[in-house]
Amino acid sequence: VYTINLESRYVMVQGVPAIGVMTELIQLCALYGIVEEYRPLDEYPAEEFTEVYLVKFQKLTSARYTV
């Protein structure tokens with residue numbers, strides 16, 4: 001069962017091309033709200049030639065709109 005308590009300010013972005021587009025990704029995320037923190041998840045399994053990032057927004061509503 002999904003409840004409001006399971007919501008998070010974190011968003012995991014998968015399938016990002018591994019061609020150095022982290023800056024552009026964060027700029028796109030910032031269109032939805034203030035990004036407090038972000039980092040690549042090197043330890044997370046990803047498809048070949050792709051990367052996974054963890055983005056933390058200041059507000060929960062910002063994370064909702066990016067999904």
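Residues numbered from 1 in each chain as written. Predicted model: local features only at pLDDT ≥ 70, side-chain atom pairs only at ≥ 80, totals over all residues. Heavy atoms only, no water.

A.B. asks: Go over the side chain of K56, please, and point to the residues and values.
C.D. replies: Checked against the element boundaries, K56 lands in strand β3 (residues 50-57). Once you skip the residues sitting within four places of it in the chain, K56 turns out to touch R9, Y10, I34, V35, E36 and E37. (Helix = DSSP H or I, 4+ residues; strand = E, 2+ residues; numbered from the N terminus. Contact = heavy atoms within 4.5 Å.)

A.B. asks: Now, about the confidence of the model for the protein: what can you tell me, with residues and values included?
C.D. replies: Summary statistics for the protein give a mean pLDDT of 91 and a share of 91% for residues scoring 70 or more. Within the protein, no element has a lower average pLDDT than helix α2 (residues 60-66), which sits at 88, and none a higher one than strand β2 (residues 35-40), at 97. (pLDDT = per-residue confidence, 0-100.)

A.B. asks: Describe the nonpolar core, naming the residues involved and giving the relevant values.
C.D. replies: Core analysis: the biggest nonpolar cluster contains 11 residues, these being V11, V13, V16, L25, I26, C29, V35, Y53, V55, F57 and A63. At the level of secondary structure, the elements contributing two or more residues to this core comprise β1 (10-17), α1 (22-30) and β3. The contact partners of V35, leaving out residues within four places of it in the chain, are I26, C29, A30, V55, K56 and F57. (Core = buried A, V, L, I, M, F, W, Y, C linked by side-chain atoms within 4.5 Å. Buried < 20%, exposed > 50% of the residue type's maximum accessible area, 1.4 Å probe, protein only.)

A.B. asks: Describe in detail the pairing of β3, supporting the description with residues and values.
C.D. replies: For a regular strand, side-chain orientation follows a simple rule: the groups alternate between the two sheet faces. Most of β3 sits inside the fold, with six of its eight residues counted as buried. With six bridges joining them, β1 and β3 adopt antiparallel strand pairing. Across the sheet, the residue bridging to Y10 is K56, located in β3. Pairing geometry for β2 and β3, over five bridges, is antiparallel. Looking at the pairing, Y38 lines up with V55 of β3. (Pairing = 2+ DSSP bridges.)

A.B. asks: So what about the pattern of salt bridges? Which residues, and what values?
C.D. replies: Taken as a whole and assessed by the stated rule, the structure comprises three salt bridges. Close ionic contact of R64 with E7 constitutes a salt bridge, the shortest N to O distance being 2.8 Å. Of the two residues, R64 sits in helix α2 while E7 sits in the segment before β1, which places them 57 residues apart along the sequence. For E7, a relative accessible area of 21% corresponds to the partly exposed category. The residue E36 makes a salt bridge to R9 at a minimum N-O spacing of 3.5 Å. One end of the pair, E36, is in strand β2; the other, R9, is in the segment before β1, with 27 residues separating them in the sequence. (Salt bridge = Lys/Arg side-chain N within 4 Å of Asp/Glu carboxyl O.)

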